[in-house]
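Chain and residue survey
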Amino acid sequence: AQTVTQSQPEMSVQEAETVTLSCTYDTSESDYYLFWYKQPPSRQMILVIRQEAYKQQNATENRFSVNFQKAAKSFSLKISDSQLGDAAMYFCAYRSAYYGGSQGNLIFGKGTKLSVKP
Amino acid sequence: DVKVTQSSRYLVKRTGEKVFLECVQDMDHENMFWYRQDPGLGLRLIYFSYDVKMKEKGDIPEGYSVSREKKERFSLILESASTNQTSMYLCASNLMTGGARNEQFFGPGTRLTVL
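Residues numbered from 1 in each chain as written. Chains lettered and ligands numbered in written order. Predicted model: local features only at pLDDT ≥ 70, side-chain atom pairs only at ≥ 80, totals over all residues. Heavy atoms only, no water.

We now examine the overall build of chain B. The number of helices and strands found in chain B is zero helices and eleven strands. Listing every helix and strand of chain B by position from the N terminus yields β-β-β-β-β-β-β-β-β-β-β. Here the C-alpha radius of gyration of chain B, 13 Å, is about what a compact globule of 115 residues would show, namely 13 Å. In terms of principal-axis extent, the alpha carbons of chain B reach across some 40 × 30 × 25 Å. By residue count, 50% of the 115 residues in chain B fall in the buried class. Contacts in chain B between residues at least 24 apart in sequence constitute 56% of all its contacts with a sequence separation of at least 6. Per element, the accessible surface of chain B, about 5500 Å² overall, is 51% carbon and sulfur. (Helix = DSSP H or I, 4+ residues; strand = E, 2+ residues; numbered from the N terminus. Rg over C-alpha atoms; globule rule 2.2 N^0.38 Å. Buried < 20%, exposed > 50% of the residue type's maximum accessible area, 1.4 Å probe, protein only. Contact = heavy atoms within 4.5 Å. Areas by Shrake-Rupley, 256 points an atom, 1.4 Å probe, with all protein chains shown as cover.)

Right, here's the structure in full:
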């Protein structure tokens, strides 16, 4: 069974600085998808960025980028120029590409709470 | 924009009550999911459904049941609420097709307190 580990329960960053959130996963599959979701306080969970395992190029979305190391099974999220609105819980998630039944479900890490200091 | 709505943001119930949590999505998604979110435990899948009247157990189905009579609506039922079911409940939906573009869209959550 696949597992997702976020080893940092809490992180803090100064406004305008850069922070990296860690995520490792365990799988025997070769094709899968990885996601970072953001859950602001009392607000809906939204997708931040996604990565396809067969793509070597790291995904980027504006100030958000990932460092995807397939051999190391690592998928970290880098937030550049941190803003107060980035304060949230961040969840790393895995989904098998072999879609069917429960294999299509997301497997979540336990989350990292990011605080942004003004 | 995809909209996933949940019937209540906050709910307080008593031990032993039957509790219904409702979720509605407006994007004709085949798949719908119920998660439970607890501090330090992340999101855990309770049940999911990939079609009307179809359901499959997730990781923690004990004490819960679900109903999907219409494609857009997925209900989570606590037959006899207990204090250990106090939690945040999140509903999500997505299309049946795979691919990285097929993200799950989440509702705002229902914070349930069982006294």
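Let us keep going from here.
Taken together, the contact between chain A and chain B spans 20 residues of the former and 27 residues of the latter. When chain A packs against chain B, close to 2000 Å² is buried across both sides, 50% of that on carbon and sulfur atoms. The interface formed by chain A and chain B contains one salt bridge. Ionic pairing is found between B:E103 and A:R50, a salt bridge with its closest N-O pair at 3.4 Å. (Buried area = accessible area lost by both parts, 1.4 Å probe. Salt bridge = Lys/Arg side-chain N within 4 Å of Asp/Glu carboxyl O.)

Residues and elements named next belong to chain B. Residue alternation in strand β3 (residues 19-25) divides its side chains into a buried set, V19, L21, C23 and Q25, and an unburied set, F20, E22 and V24. In this sheet, β3 lies alongside strand β1 (residues 4-6) in antiparallel orientation, the contact comprising three bridges. Residue pairing in the sheet places Q6 in a bridge with C23 of β3. Two elements, β3 and strand β8 (residues 73-78), share six bridges in a ladder whose sense is antiparallel. For V24, the partnering residue across the bridge sits in β8 and is R73. (Pairing = 2+ DSSP bridges.)

This brings us to the pattern of salt bridges. Residues and elements named next belong to chain B. Taken as a whole, this structure holds ten salt bridges over all chains when the rule is applied. As a salt-bridge pair, E69 and K53 come within 2.4 Å of each other at their nearest N and O atoms. Here K53 lies in the loop between β5 (42-51) and β6 (54-57) and E69 lies in strand β7 (residues 64-70), a separation of 16 residues in the sequence. Like E69, the residue K53 is exposed in the burial classification. Through salt bridges with shared partners, a single ionic network connects R36, D38 and R44.

Next up on the list: unusual backbone geometry. One non-glycine residue, A:S42, adopts positive backbone phi at about 60°. We note that B:D28 has phi near 60°; this positive angle belongs to a residue other than glycine. Under the relative-accessibility criterion, B:D28 is labelled exposed at 52%.

Counting residues in each nonpolar core, the largest one holds 25 residues, and the members touching the most others are A:Y25, A:W36, A:F75, A:L77, A:Y90 and A:L114. Listing elements by their share of this core, those giving two or more residues are β3 (19-21), β5 (32-39), β6 (46-52), β8 (64-69), β9 (74-79), β10 (88-96) and β12 (112-117) of chain A. Filtering out sequence-adjacent residues up to four positions away, A:F75 remains in contact with A:C23, A:Y25, A:L34, A:F35, A:W36, A:Q51, A:V66, A:N67, A:F68 and A:C92. In this structure, B:V19, B:C23, B:L78 and B:V114 belong to the second largest nonpolar core, which totals 20 residues. (Core = buried A, V, L, I, M, F, W, Y, C linked by side-chain atoms within 4.5 Å.)

All names here are of chain A. The full count for this structure, using the stated rule, is two disulfides over all chains. Across the disulfide, C23 is cross-linked to C92 (sulfur-sulfur distance 2.0 Å). With the S-S dihedral at roughly -70°, the linkage between C23 and C92 falls on the left-handed side. With C23 in the loop between β3 and β4 (24-26) and C92 in strand β10, this pair connects stretches of sequence that are 69 residues apart. Overall, the relative accessible area of 1% leaves C23 in the buried class. For C92, a relative accessible area of 0% translates into the label buried. (Disulfide = S-S within 2.5 Å.)

Our next topic: the packing of aromatic side chains. Residues and elements named next belong to chain A. Using the criterion set out here, one finds 15 aromatic pairs over all chains in the structure. Between the aromatic rings of Y25 and Y32, the centroid separation amounts to 5.3 Å while the plane-to-plane angle is 65°, which identifies the pairing as edge-to-face. Accessibility assignment for this pair places Y25 and Y32 in one class, buried. Look at F91 and F108: their rings are 6.3 Å apart centre to centre, the planes differ by 90°, and that puts the pair in the edge-to-face class. Separated by 17 residues along the polypeptide, F91 in strand β10 and F108 in strand β11 (residues 107-108) bring together distant segments of the chain. (Phe/Tyr/Trp six-rings, centres within 6.5 Å; stacked < 30°, edge-to-face > 60°.)

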